[in-house]
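This is what each chain is made of:
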Amino acid sequence: MSSTPATTDTPIVHALDEVVGAGDRVVSVAPVALDAPGRAVPLAVRVSAPVAGENLPVLLFSHGNGWSLDGYAPLTAFWASQGFVVVQPTHLDSRRNGIGFDDPAFGQIWTERYADLERVLDQFDTVEAAVPGLAGRVDRDQVVVAGHSWGAQTVQMLLGARILDGSGHVGRDYADRRVKAGVLLAATGIGGEELHPFAKEHFPFMNPSFAELATPTLVVAGDHDQSKMSSRGPDWFTDAYTHSPGATDLLTLFGAEHSLGGIPNWEAAETTDENPERVAVLQRLTTAYLRSALNPSDTSWDKAASALAEAGTAIGRIDSK
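Residues numbered from 1 in each chain as written. Predicted model: local features only at pLDDT ≥ 70, side-chain atom pairs only at ≥ 80, totals over all residues. Heavy atoms only, no water.

Undergrad: Quick one: what's the story with the overall build of the chain, residue by residue and with numbers?
TA: Per the secondary structure count, the chain includes nine helices and eleven strands. Relative to the 2.2 N^0.38 estimate, which gives 20 Å for 321 residues, the radius of gyration of the chain is 18 Å and therefore close to what a compact globule would have. The principal-axis extent of the C-alpha atoms belonging to the chain is close to 50 × 45 × 35 Å. By the burial criterion, 57% of the 321 residues in the chain qualify as buried. If the 23 positive side-chain charges of the chain are averaged to one point and the 40 negative ones to another, these points end up 3 Å apart. (Helix = DSSP H or I, 4+ residues; strand = E, 2+ residues; numbered from the N terminus. Rg over C-alpha atoms; globule rule 2.2 N^0.38 Å. Buried < 20%, exposed > 50% of the residue type's maximum accessible area, 1.4 Å probe, protein only. Lys, Arg positive; Asp, Glu negative; His and termini not counted. Charge placed at Lys NZ, Arg CZ, Asp CG, Glu CD.)

Here it is in structure tokens:
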């Protein structure tokens, strides 16, 4: 990890705080069990929500490879404090489940990841009832999704992205019309000859078609993110923006590697680019984007983008189609 000072007391963070406002207190409940017949391991989720507020939108979050419902608090707790009901499943690839690359079940985990998110939406009565005082305060017609790395690939399926088969034909449509918008954090790009043999063998989903992704989406990429799965450079993580009609906005974080400054967890071992200011900016920009995506009259995203252009040019930039 880097020796970057642990500070968010910077002009750009203050400017973005003016846009999104102060957060509320949060209550978080885990594990919440959901029905998942035939799943190799029972499905458990974490539910986090603000203690106050009405008509709260739902945010499904999908973790990166190996993580669990206990990860990504830097993002999920912040989103909850800003008015979202955040639901985090533990997918089968979590390290706590012990299903590795050599397990016969591993090759189909990508479809189970998608199924986990569908189970959350289908069983939202159980989700809502798990948090004391949450019943009746959720707007189930306002659903957004976000995911990091493998989690980004998972949620992009709900947004409309598809998988190309070995013959290059576009596969099944997994889009969920209940989902209104999404955020893709370090989403892997298109396949092809640049994809390394290990990825071709173990990750059949790493051959996406973004042409069908029509749901409003923010793509977030680090300009120092070099994947071991592809010989492409950091631009690989911008493919969803380049090739998708729905991904109309791209946030590029300068100096960011795959953890984007430390979103999986505070002081996580795999965070090689720890930067609290970067994470704080990402928290606020994604909040602003999702609010505006759900409510066309909300100007948070435009204001946040202007703030970044004025006070955050050292942190990153936003490109829009």
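Let's pick the thread back up.
Undergrad: Quick rundown of the packing of helix 1 (residues 11-20) against helix 8 (residues 276-294)? Include the residues and the values.
TA: It is the contact of helix 1 with helix 8, at a shortest axis distance of 10 Å, that shows an interaxial angle of 25°. Judged by the angle between their axes, helix 1 and helix 8 are roughly parallel. Pair helix 1 / helix 8 crosses with left-handed handedness. Within the contact between the two elements, helix 1 uses Ile12, Val13, Leu16, Asp17, Val19 and Val20 and helix 8 uses Glu277, Ala280, Val281, Arg284, Leu285, Thr287, Ala288 and Arg291. Taken together, the residues of the contact of helix 1 with helix 8 break down into nine nonpolar, one polar and four charged. (Axes fitted to C-alpha atoms, helices over the stretch in contact; angles between N-to-C directions. Parallel < 35°, antiparallel > 145°, perpendicular 65-115°, else oblique. Left-handed = near helix turned anticlockwise from the far one by under 90°. Contact = heavy atoms within 4.5 Å. Nonpolar A, V, L, I, M, F, W, Y, C, P; charged D, E, K, R; others polar.)

Undergrad: Please provide a residue-by-residue account of the environment of Leu290, values included.
TA: Checked against the element boundaries, Leu290 lands in helix 8. Between the C-alpha atoms of Leu290 and Val220, which are 70 residues apart in sequence, the distance is 13 Å. When neighbours within four sequence positions are excluded, Leu290 is seen to be in contact with Leu59, Phe84, Val144, Ala181, Gly182 and Val183.

Undergrad: Before we move on, could you go through the sheet that holds strand 9 (residues 217-222) and cite the residues and values that matter?
TA: Strand order in the open sheet formed by nine strands is 1-2-4-3-5-7-9-10-11, and the pairing between neighbours is mixed. Sheet topology places strand 1 (26-34) and strand 11 (316-320) at the edges, where each strand pairs with a single neighbour. With direction set aside, neighbouring strand axes in the sheet form an average angle of 20°. Sheet topology note: the strand 7 (residues 179-185)/strand 9 ladder contains four bridges and is parallel. Opposite Leu184, over in strand 9, you have Val219 as the bridge partner. Against the sheet, helix 9 (residues 300-311) makes contact with strand 9, strand 10 (249-253) and strand 11, and its axis sits at roughly 135° relative to strand 11, the strand it touches most. (Pairing = 2+ DSSP bridges.)

Undergrad: Talk me through the confidence of the model for the chain; I want residue IDs and the actual numbers.
TA: Of the residues in the chain, 98% reach a pLDDT of 70 or more, and the chain-wide mean stands at 95. Note that pLDDT drops below 50 for residues 1-5; the model gives that stretch eleven contacts with residues more than four away or on any other chain. (pLDDT = per-residue confidence, 0-100.)

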